[in-house]
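Coordinate analysis (summary)
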Amino acid sequence: MESGPEAFAGAAFALFGGGLLAWTGVCLRTGAPVADGVSRPVATATALLCGVAFLVTGCWLLVAL
């Protein structure tokens, strides 16, 4: 019975992580700021790190089913 919530959480984490990585890539390609009020390298590194962490966590939850 726990596989339903685990699948939902895995999908949500994976979609958010993938979306964050895609959004960060578009911002870097177009030269748009990644985050307001933060230096560009710090914002980029933080967004990439969080995106990878969310994507890995989501994939881990989906594989652990």
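Everything below is about the structure shown above.
First things first, this report covers the structure right here in the doc. Keep in mind it's a predicted model, so treat the numbers as computed, not measured.

Parameters and conventions
Residues numbered from 1 in each chain as written. Predicted model: local features only at pLDDT ≥ 70, side-chain atom pairs only at ≥ 80, totals over all residues. Heavy atoms only, no water. Helix = DSSP H or I, 4+ residues; strand = E, 2+ residues; numbered from the N terminus. Rg over C-alpha atoms; globule rule 2.2 N^0.38 Å. Buried < 20%, exposed > 50% of the residue type's maximum accessible area, 1.4 Å probe, protein only. Contact = heavy atoms within 4.5 Å. Expected span 1.5 Å × (residues − 1).

**As for the overall build of the protein chain**
Helix and strand content of the protein chain: two helices and zero strands. A compact globule built from 65 residues would reach a C-alpha radius of gyration of about 11 Å, whereas the protein chain, at 14 Å, exceeds it by more than 25%. When its C-alpha atoms are laid out on the principal axes, the protein chain stretches across 45 × 15 × 15 Å. Across the 65 residues of the protein chain, 20% fall into the buried class.

**Overview of the side chain of Thr-24**
Position of Thr-24 relative to the elements: it lies in helix H1 (residues 3-30). Of the residues examined, Thr-24 reaches a relative accessible area of 0% and is grouped as buried. Excluding residues that lie within four positions of it along the chain, Thr-24 makes contacts with Thr-44, Ala-47 and Leu-48.

**Here we look at helix H2 (residues 40-63)**
Helix length check: H2, at 24 residues, gives a terminal C-alpha distance of 34 Å against a target of 34 Å (1.5 Å per residue), a fit within 8%. Of all the residues in H2, the buried ones are Ala-43, Thr-44, Ala-47, Gly-51, Gly-58 and Leu-61. Packing partners of the buried residues in H2 comprise H1.

Everything listed here is a matter of geometry and, on its own, says nothing about what the molecule does.
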